[in-house]
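Structural characterization, general
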Amino acid sequence: MPLVWACIAPHGGELIPELCNGNAERMRVTREAMEELGRRCRAALPDTIVVYTPHGHEVPGHACISVTKTVHGILEGEDNRRVSADFAVDARFAFDLCERASARSVPTAQAAYLSDETIAPMLPMDWGALVPLWFMGHNYEPRPQVVVVCPSRELSRRQLVAFGQATAESASLTNRRIALICSADQGHGHSADGPYGFAPMSPSYDRAYCQTVRENALHRLLHWREDWIEAALSDSYWQTLMLYGVMTQIPMNAEMLSYEAPTYFGMLCAELRPR
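Here we summarise the structure given alongside this text. No experiment lies behind these values; they were computed from the predicted model shown. (Residues numbered from 1 in each chain as written. Predicted model: local features only at pLDDT ≥ 70, side-chain atom pairs only at ≥ 80, totals over all residues. Heavy atoms only, no water.)

Right, let's get into the sheet that holds strand 9 (residues 178-183). Taking strand neighbours across the sheet as the criterion, the eight strands line up as 6-3-8-2-9-1-11-10 in an open arrangement whose pairing is mixed. In this open sheet, the two strands that pair with only one neighbour each are strand 6 (108-111) and strand 10 (252-260). In this sheet, adjacent strand axes meet at a mean angle of 20 degrees when their direction is disregarded. One ladder, built from eight bridges, connects strand 10 with strand 11 (residues 267-274); its direction is antiparallel. Residue pairing across strands places Ser258 opposite Cys269, the latter belonging to strand 11. (Pairing = 2+ DSSP bridges. Helix = DSSP H or I, 4+ residues; strand = E, 2+ residues; numbered from the N terminus. Axes fitted to C-alpha atoms, helices over the stretch in contact; angles between N-to-C directions.)

Spelled out as structure tokens, the structure:
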């Protein structure tokens, strides 16, 4: 069964209502778009959700794939409120994805194993996976299984695209309904008061990224300059190239739901539906 649904979704912790620190208005536009993505994902009835996250367990030069029995994450807000979530891992899909990515010359790492070489029972889940899964899966009944993937930024563009192609291949050969989340914040230099200061390239990167999504032209990312991406303080480029790899095998139509930069980083929500 091929991929049934995909999206690009941000991972700012404040998007979760319980963590908005009394300021629900600040990220309202994106939060409402995330809620809409959640409804659309639920309607696709996924059995397993694959999450491409830029955070978490990065192994240099590899795509790191969760193979534990479960993933579990906790996030805290500025007012000490906290949320937690856990999901069962679709280990069969994860191991198949490892094999197919390796066959395409993409180095993979399996997370995680104990000292006696047995598979660990649980993998900590980072905010890059937990936040989008809070909207897409956490409140579903039954709750879908997940596979969490963290690509190293040392992987080449060709390898990132190849990993996406391996994901599409694994999805097409399973009897489970697979959805995909490309967890991606945009430029992180929109405010001089932010932790990274103001970066002039962040707004231009975000404009180009939004246009690329609106026009369903992710292939353009293959030609973007490395120094420009680095100067923009991007948090989306590598996972989106993986998503493009999926789309080379499974054509999809993109619909951009929202974009805003209410603090120091940009956030975009988009749905991608297989044709």
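On to the pairing of strand 4 (residues 70-76), then. Burial along strand 4 is one-sided: Val71, Gly73 and Leu75 are buried, while Thr70, His72, Ile74 and Glu76, pointing the other way, are not. The sheet contact formed by strand 4 and strand 5 (residues 82-88) spans seven bridges and is antiparallel. The residue bridging Thr70 from the neighbouring strand is Ala88, located in strand 5. Sheet topology note: the strand 4/strand 7 (residues 122-124) ladder contains three bridges and is parallel. (Buried < 20%, exposed > 50% of the residue type's maximum accessible area, 1.4 Å probe, protein only.)

Here we take up the packing of helix 4 (residues 157-173) against helix 7 (residues 237-249). One can describe the packing of helix 4 onto helix 7 by two numbers: an axis separation of 6 Å at closest approach and a directional angle of 50 degrees. For the element pair helix 4 / helix 7, the angle class is oblique. The element helix 4 and its partner helix 7 pack so that their crossing is right-handed. Where helix 4 approaches helix 7, its residues Arg157, Leu160, Val161, Phe163, Gly164, Gln165, Thr167 and Ala168 are matched on the opposing element by Tyr237, Trp238, Leu241, Met242, Tyr244, Gly245, Val246, Thr248 and Gln249. For the contact of helix 4 with helix 7, a count of residues per class yields ten nonpolar, six polar and one charged. (Parallel < 35°, antiparallel > 145°, perpendicular 65-115°, else oblique. Left-handed = near helix turned anticlockwise from the far one by under 90°. Contact = heavy atoms within 4.5 Å. Nonpolar A, V, L, I, M, F, W, Y, C, P; charged D, E, K, R; others polar.)

What follows deals with the sheet that holds strand 7. With mixed pairing, the three strands of this open sheet are ordered in space as 5-4-7. The sheet is open, and its two borders are formed by strand 5 and strand 7, each paired with just one other strand. Direction aside, the axes of adjacent strands within the sheet are offset by 20 degrees on average.

Here we take up the pattern of salt bridges. If you walk through the whole model with that rule in mind, you get 17 salt bridges. A salt bridge links Arg28 to Glu32, with the nearest nitrogen and oxygen atoms 3.5 Å apart. Taken together, the positions of Arg28 and Glu32, both in helix 1 (residues 28-43) and four residues apart, correspond to about one turn of that helix. Residue Glu32 is classed as partly exposed on the basis of its relative accessible area, which comes to 41%. One network of salt bridges, in which partners are shared, links Glu36, Arg39, Arg40, Glu255, Glu271 and Arg273. (Salt bridge = Lys/Arg side-chain N within 4 Å of Asp/Glu carboxyl O.)

This next bit is on the packing of aromatic side chains. Centre-to-centre distance and the angle between the planes together describe a pair of aromatic rings. Following the criterion strictly, the structure yields nine aromatic pairs and no others. Centre to centre, the rings of Tyr52 and Phe163 are 6.0 Å apart; their planes meet at 65 degrees, and the pair counts as edge-to-face. Highlighted residues: Tyr52 in strand 2 (residues 48-52) and Phe163 in helix 4, separated in sequence by 111 residues. Taking 5.7 Å as the distance between ring centres and 85 degrees as the angle between the ring planes, the aromatic pair formed by Tyr237 and Trp238 counts as edge-to-face. We note that Tyr237, like Trp238, is buried. Site record: aromatic cluster; members linked through ring pairs are Tyr205, Tyr209, Trp224, Trp228, Tyr237 and Trp238. Over the aromatic face of Phe87 sits the side chain of Arg143, whose NZ or CZ is 5.4 Å from the ring centroid. The ring of Trp238 is capped by Arg153, whose NZ or CZ atom sits 3.9 Å from the centre of that ring. (Phe/Tyr/Trp six-rings, centres within 6.5 Å; stacked < 30°, edge-to-face > 60°. Lys NZ or Arg CZ within 6 Å of the ring centre and 35° of its normal.)

One finds Leu3, Ile8, Val149, Phe163, Tyr209, Leu243 and Met252 to be the most contacted residues of the largest nonpolar core, which totals 51 residues. No other element matches the eight residues that helix 7 contributes to this core. Ranked by size, the runner-up nonpolar core spans 41 residues in total, among them Ala33, Leu133, Trp134 and Val146. (Core = buried A, V, L, I, M, F, W, Y, C linked by side-chain atoms within 4.5 Å.)

As a further point, take helix 1. A rise of 1.5 Å per residue sets the reference length of helix 1, with its 16 residues, at 22 Å; its end C-alpha atoms lie 23 Å apart and thus fit the reference within 8%. For helix 1, the full list of buried residues reads Thr30, Arg31, Ala33, Met34, Leu37, Gly38, Arg40 and Cys41. Buried residues along helix 1 sit in contact with strand 1 (5-9), strand 2, helix 3 (127-135), strand 10 and strand 11. Looking one or two residues beyond helix 1, the residue adopting positive phi is Leu45, at roughly 55 degrees. (Expected span 1.5 Å × (residues − 1).)

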